[in-house]
Amino acid sequence: VFEIMKIIIIAAGSSTRLGKETKDVPKGLLKINDKSIIEIQLELFKKNQLSNITIITGPNKEKFNFQNVNYVQDNEFQNHDVLGSLMVCKSIMDDEILTTYSDIIFNEKILGSMLDFKGDIGIAVDLNWEKNYVNRTQHPKSEADNVLMENTKILKIQKNIKDSKPTQNIGEFIGLMKLSKKGAKIFVEKFNRLIESHKGKFHDSPSLKNAYLTDMLQELIDSGFLVEPIIINGKWCEIDTPQDLQLARKNIKDF
């Protein structure tokens, strides 16, 4: 069913917060017990007949040696952030796409929700997100990528959204995005236009060059495109700090 769908894993970051753990090893290659984060993702994709997989690499690209995946090297990884890394792949974003960060683990239930989404631009949102921040002192709640929603419409995506009206919900964007063929075209065309014309600050980033994926999603929302929440109900975790790594190693058996 999903043969044409392309998976893009963004693994070009330098991940300084993990200190010595990631000095010479990309974050996605950190072992959660016996398998690396990306290995866990790849097994899940292949189990679901998703075989068209591209990994965007940055520093230490020689450490990646997975078979049957495509690699695209982001030579500018020091000069831009996640959005810039993803856009290194814009030439292959011509079909249905699922993008993921390389530092998250998610179970089959979440992948299923992503694959079932029929809209053009959808992002995975956890409404029960606050529990993930209990005792997570190295990565406080204020750093969550919050999503403010009314019914099924996303109004705002940024860190630390505090207030919402009674008719609104606040969730967390977990790092998975699904684009239809049309959605991918909208995304890439919008980016190409911005590259030509945008100056100065870009949403929550100092510039377009330093932008995150969330900044681009906000730009699409502000431009009148429908960015829909894909409400997820499975297990997932993000590995951003030494504490996260310990937690993931402890909890992975529950996934």
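This one's a predicted model, so the numbers in the text were calculated from it and none came from an experiment.

Engineer: Requested: an account of the overall build of the protein, with residues and values cited.
Structural biologist: Secondary structure assignment for the protein yields 6 helices and 13 strands. In terms of overall dimensions, the protein has C-alpha extents of about 45 × 40 × 40 Å along its principal axes. Counting only carbon and sulfur atoms, one obtains 48% of the accessible surface of the protein, whose full area is about 12300 Å². If you average the places of the 35 positive and of the 35 negative side-chain charges in the protein, the two averages end up 1 Å apart.

Engineer: Lay out the nonpolar core in plain terms, naming residues and giving numbers.
Structural biologist: With 67 residues, the main nonpolar core has L86, M93, I123 and F187 as its most contacted residues. Looking at this core element by element, the count peaks at 6 residues for helix α4 (residues 181-197). Not counting the four nearest positions on each side in its chain, M93 is found in contact with I8, L86, M87, L179, A184, F187 and V188. L30, I37, C237 and I239 belong to the second-largest nonpolar core, a separate cluster that totals 9 residues.

Engineer: Report on the environment of V72, specifying residues and quantitative values.
Structural biologist: Tracing the chain through its elements places V72 in strand β5 (residues 70-73). Note on V72: relative accessible area 23%, which makes it partly exposed. Considered as a pair, V72 and A11 are 61 residues apart in the sequence and their alpha carbons are 10 Å apart. Excluding anything up to four places from it in sequence, V72 contacts T54, I55, I56, T57, V88 and C89.

Engineer: Break down the layout of surface pockets for me, citing the residues and quoting the values.
Structural biologist: To find leftover empty space, a probe the size of one water molecule is rolled over the atoms. Reported here for the largest pocket is a volume of approximately 1100 Å³. Taken together, the residues of the lining of the largest pocket sort by class into 14 nonpolar, 18 polar and 12 charged. Of the volumes computed, that of the second largest pocket is approximately 580 Å³. In terms of lining, the second largest pocket is formed by 21 residues, of which the most central are K131, N132, W236, C237 and N251. If you list the elements that add at least two residues to the lining of the second largest pocket, you get β13 (236-238) and α6 (242-251). Here the lining of the second largest pocket takes 4 residues from α6, the largest share from any one element. Looking at the lining of the second largest pocket, its residues break down into 9 nonpolar, 5 polar and 7 charged.

What counts as what
Residues numbered from 1 in each chain as written. Predicted model: local features only at pLDDT ≥ 70, side-chain atom pairs only at ≥ 80, totals over all residues. Heavy atoms only, no water. Helix = DSSP H or I, 4+ residues; strand = E, 2+ residues; numbered from the N terminus. Areas by Shrake-Rupley, 256 points an atom, 1.4 Å probe, with all protein chains shown as cover. Lys, Arg positive; Asp, Glu negative; His and termini not counted. Charge placed at Lys NZ, Arg CZ, Asp CG, Glu CD. Core = buried A, V, L, I, M, F, W, Y, C linked by side-chain atoms within 4.5 Å. Buried < 20%, exposed > 50% of the residue type's maximum accessible area, 1.4 Å probe, protein only. Contact = heavy atoms within 4.5 Å. 1 Å grid on protein atoms, 1.4 Å probe; cavity = no way out; pocket = protein on both sides within 12 Å on 5 of 7 lines; lining within 4 Å. Points joined across faces, edges and corners; volume = space filled by probe spheres on them. Nonpolar A, V, L, I, M, F, W, Y, C, P; charged D, E, K, R; others polar.

This is a description of form; function is not addressed.
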